[in-house]
Amino acid sequence: MSLPKTRSIRRTLMIVMMACSSIALLLSTFGYLVNDWYQSRELAFERLEVQSRIIGTNSVAALVFFDVESGENTLSSLKSEHDIVTAALYNIENELFAKYQRTDSEFEVFLPNAISGDFDDLIYVSLPVAMSGDRVGQIVLFSELNEWRVGLPARLVTAAGLFLLSLLVVALVSNFLQRVVTTPVIRLANTARNITSSQNYNLRADKTSTDEIGLLVDDFNDMVDEVQLRDRKLQQATEELEAKVIERTVELTKLTKKLEYQAFFDELTGLANRSTFDQKLAEALEQQEIFDGKLSVLFL
């Protein structure tokens, strides 16, 4: 995915940091909920195992003496545990001996092969009932994870609140960090703009760090030094060229005057030559025609 080219680097950094932080926060929130689920599940298994051991211990006599009523009464003590869906006692031949079932449940109890696990939406624990180290039966408890489900909305609200609060903190920190990163770049850009507008190559960017931005400032200042050196050389060459042009102009003016003098005067005596005579005669004839006067030439 490409970002729009017109977006400023400050806004781009802000968006990138917010996006990365949001992803991290979402993953953390999800991890928190998953971890809470597994912890609640483990606690539920531990609690169910403790209840199974207690009920199993209290049911030893009923199993040994085949007292079904006593076994059912012992299982009935689980009525106060609303998470327990059903419980059953099995004799040594793994035949159903006594059971308890919650009134709103139609779950058919069975003897699992594993000690603990899941079945549909329920968890179960199956432990042997022993007397003096000898197995006399088996107890099975099936339970719901109602406690975790009941507390799920509160957990979600807590997680959402922590997410929003963390997002606010991330926004503030991201705003501060992007200013730390972009402020030297903006200063460098302003210095470059001032040099371009004023043509003042004495200006330099201030170096405030020794990181990559500091290296960029050093390279920029070196570039301005090189431009300033070339500008001075160009100005010096222009001034020398102008001086040579002025010098050549003066020389040409002198040469022109010299050639004019040589054309109309004798170089040895300094007297006017024939060209001067012809020019003056032509001017006199022109004046004579204009003013209708008389003209005379004296030849010696």
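Before reading on, note that the structure itself is shown above.
Residues numbered from 1 in each chain as written. Predicted model: local features only at pLDDT ≥ 70, side-chain atom pairs only at ≥ 80, totals over all residues. Heavy atoms only, no water.

Undergrad: Whenever I open this one, the overall build of the chain confuses me. Can you help?
TA: For the chain, the count of helices and strands is six helices and five strands. Taking 19 Å as the expected radius of gyration for a compact globule of 300 residues, we find that the chain reaches 55 Å, considerably beyond that expectation. Taken along the three principal axes of its C-alpha coordinates, the chain extends 180 × 40 × 30 Å. Burial status across the chain gives 27% buried among its 300 residues. (Helix = DSSP H or I, 4+ residues; strand = E, 2+ residues; numbered from the N terminus. Rg over C-alpha atoms; globule rule 2.2 N^0.38 Å. Buried < 20%, exposed > 50% of the residue type's maximum accessible area, 1.4 Å probe, protein only.)

Undergrad: Sorry, what's going on with unusual backbone geometry here?
TA: With a phi close to 60°, Asn94 is a non-glycine residue in the positive phi region. Structurally, Asn94 is set in the loop between strand S1 (84-91) and strand S2 (96-101). Asn94 gets classed as partly exposed once you look at its relative accessible area, which sits at 40%. At Asp120, a residue that is not glycine, the phi angle is positive and equals roughly 55°. By the secondary structure assignment, Asp120 is in the loop between strand S3 (116-119) and strand S4 (122-131). For Asp120, a relative accessible area of 67% corresponds to the exposed category.

Undergrad: Is there a simple way to explain the pattern of salt bridges in this structure?
TA: It is possible for side chains bearing opposite charge to pair when their charged atoms get close. Enumeration over the complete set of coordinates arrives at eight salt bridges. Across the salt bridge formed by Glu144 and Arg102, the nearest N and O atoms sit 3.4 Å from each other. Of the two residues, Glu144 is situated in the loop between strand S5 (134-143) and helix H4 (146-198) and Arg102 in the loop between S2 and S3; the sequence distance between them amounts to 42 residues. Here Arg102 falls in the buried class, since its relative accessible area comes to 15%. (Salt bridge = Lys/Arg side-chain N within 4 Å of Asp/Glu carboxyl O.)

Undergrad: Can you help me understand the nonpolar core in this one?
TA: Nonpolar side chains tend to gather and get buried jointly when the protein is soluble and globular. Within the largest apolar cluster, 23 residues are counted, with the highest numbers of intra-cluster contacts made by Leu75, Leu78, Ile139 and Leu141. If you list the elements that add at least two residues to this core, you get helix H1 (9-58), helix H2 (60-64), S1, S2, S4 and S5. Residues in contact with Ile139, not counting those within four places in the same chain, are Ser52, Ile55, Gly56, Leu75, Ala88, Leu89, Val125, Ser126, Leu127 and Val129. Of all hydrophobic cores here, the second largest spans nine residues; its members include Tyr90, Leu122, Tyr124 and Phe142. (Core = buried A, V, L, I, M, F, W, Y, C linked by side-chain atoms within 4.5 Å. Contact = heavy atoms within 4.5 Å.)

Undergrad: How should the packing of aromatic side chains be read in this particular structure?
TA: To describe a pair of aromatic rings, one takes the distance between the centres and the angle between the planes. Here the structure, examined in full by the defined rule, presents seven aromatic pairs. Look at Tyr124 and Phe142: their rings are 5.6 Å apart centre to centre, the planes differ by 45°, and that puts the pair in the tilted class. Residue Tyr124 is found in strand S4, and its partner Phe142 is found in strand S5; the two are separated by 18 residues along the sequence. The class for Tyr124 is buried, based on a relative accessible area of 8%. Here Phe142 falls in the buried class, since its relative accessible area comes to 0%. Among the aromatic residues, those joined into a ring-pair cluster are Phe107, Phe110, Phe119, Tyr124 and Phe142. (Phe/Tyr/Trp six-rings, centres within 6.5 Å; stacked < 30°, edge-to-face > 60°.)

Undergrad: Just to check I follow, could you spell out empty space enclosed by the protein for this structure?
TA: For the coordinates displayed, the defined rule picks out one cavity of 30 Å³ or more. When its volume is computed, the largest cavity comes out at roughly 80 Å³. Lining the largest cavity are Pro184, Arg187, Leu188, Ala205, Asp206, Lys207, Thr208, Ser209, Ile213, Gly214 and Val217. Where the lining of the largest cavity is concerned, the elements lending two or more residues are H4 and helix H5 (212-264). Its residues placed into classes, the lining of the largest cavity shows five nonpolar, three polar and three charged. (1 Å grid on protein atoms, 1.4 Å probe; cavity = no way out; pocket = protein on both sides within 12 Å on 5 of 7 lines; lining within 4 Å. Points joined across faces, edges and corners; volume = space filled by probe spheres on them. Nonpolar A, V, L, I, M, F, W, Y, C, P; charged D, E, K, R; others polar.)

Undergrad: Would you take a moment to explain the sheet that holds S3 for this structure?
TA: Sheets are built from strands that pair by backbone hydrogen bonding, the pairs being arranged parallel or antiparallel. Here five strands make up an open sheet; going across it, the order is S2-S1-S5-S4-S3 and the pairing antiparallel. The sheet terminates laterally at S2 and S3, the two strands that pair on one side only. Across this sheet, the average inter-strand angle for adjacent strands is 20°, counted without regard to direction. When S1 meets S2, the two strands line up antiparallel, connected through five bridges. Bridge pairing in S2 places Ala87 opposite Tyr100. In this fold H1 packs onto S1, S3, S4 and S5, with an angle of close to 30° to the strand it touches most, S4. Set on the sheet, helix H3 (residues 68-76) makes contact with S1, S2 and S5; between it and S2 the angle comes to about 30°. (Pairing = 2+ DSSP bridges. Axes fitted to C-alpha atoms, helices over the stretch in contact; angles between N-to-C directions.)

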